[in-house]
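The residues making up each chain are set out below.
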Amino acid sequence: MDVQKYSANADRNAINGIVRYCGISLQKRDSSLVSLSDREEVTRVRESFLKKKLGLAEPDADLDKAIMAVGEKMKGDRTKNRVTPYYLLAEHFGKLSMFGNPGSAAGKG
């Protein structure tokens with residue numbers, strides 16, 4: 001995982017929680033990677049992760065903007081492991097505590 005490359009104080013418990021959430025999708029190379037330049041993938045991340053898992057109700061345009069910001073942050077990486085953008089999105093929306101982060105205030109920022 002390259003979460004710490006983008007979030008210096010990444011919470012190990014939250015990373016492990018996201019790995020558990022992603023589960024079987026991490027076992028195959030194709031499904032373990034995310035393409036944030038693919039509209040279908042952006043829609044999948046927005047609908048399945050941001051809305052269903054994180055329970056966000058912001059307008060789609062705002063959610064897509066956050067996904068694009070993470071994509072921009074990670075643009076130097078040709079391959080984006082699914083865990084990293086999910087972690088960055090959960091961090092952005094203050095939802096790391098959903099993944100077993102006992103010190104959510106410390107990891108927010």
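What you see is a predicted model; the values in this text were computed from it and never measured.

About the criteria used
- Residues numbered from 1 in each chain as written.
- Predicted model: local features only at pLDDT ≥ 70, side-chain atom pairs only at ≥ 80, totals over all residues.
- Heavy atoms only, no water.
- Helix = DSSP H or I, 4+ residues; strand = E, 2+ residues; numbered from the N terminus.
- Rg over C-alpha atoms; globule rule 2.2 N^0.38 Å.
- Buried < 20%, exposed > 50% of the residue type's maximum accessible area, 1.4 Å probe, protein only.
- Contact = heavy atoms within 4.5 Å.
- Arc of directions from axis to C-beta.
- Polar contact = N/O pair within 3.5 Å; in protein donor to acceptor, adjacent residues only side chain to side chain.
- pLDDT = per-residue confidence, 0-100.

### A closer look at the overall build of the protein
(1) Moving on: Helices and strands together make up the secondary structure of the protein, namely seven helices and zero strands.
(2) Moving on: Taken from the N to the C terminus, the helices and strands of the protein come in the order α-α-α-α-α-α-α.
(3) Moving on: Here the protein has a C-alpha radius of gyration of 13 Å; the compact-globule value for 109 residues is 13 Å, and the two agree.
(4) Moving on: Each principal axis of the C-alpha atoms in the protein carries an extent, and together these give about 35 × 30 × 25 Å.
(5) Moving on: Residue burial in the protein is summarised as follows: out of 109 residues, 42% are buried.
(6) Moving on: Sequence-distant contacts, at least 24 apart, represent 67% of the contacts inside the protein between residues at least 6 apart.

### A few points about helix α2 (residues 12-22)
(1) Moving on: For α2, the set of buried residues is A14, I15, G17, I18 and C22. Angular distribution of buried residues about the axis of α2 spans 160°; they occupy a single face of the element.
(2) Moving on: Packed against the buried residues of α2 are α1 (3-6) and α6 (83-92).
(3) Moving on: Capping of α2 at its N-terminal end is provided by D11; its side-chain oxygen lies 2.9 Å from the backbone amide nitrogen of N13.
(4) Moving on: Remark: G23 follows α2 within two positions and exhibits a positive phi of approximately 50°.

### Details of the confidence of the model for the protein
(1) Moving on: For the protein, per-residue confidence averages 89 on the pLDDT scale, and residues scoring 70 or more make up 91% of the total.
(2) Moving on: Looking across the protein, the model is least confident in helix α7 (residues 104-107), with a mean pLDDT of 40, and most confident in α6, with 97.
(3) Moving on: Low pLDDT (under 50) marks residues 103-109, which in the prediction has four contacts with non-local residues, meaning those over four places away or in another chain.

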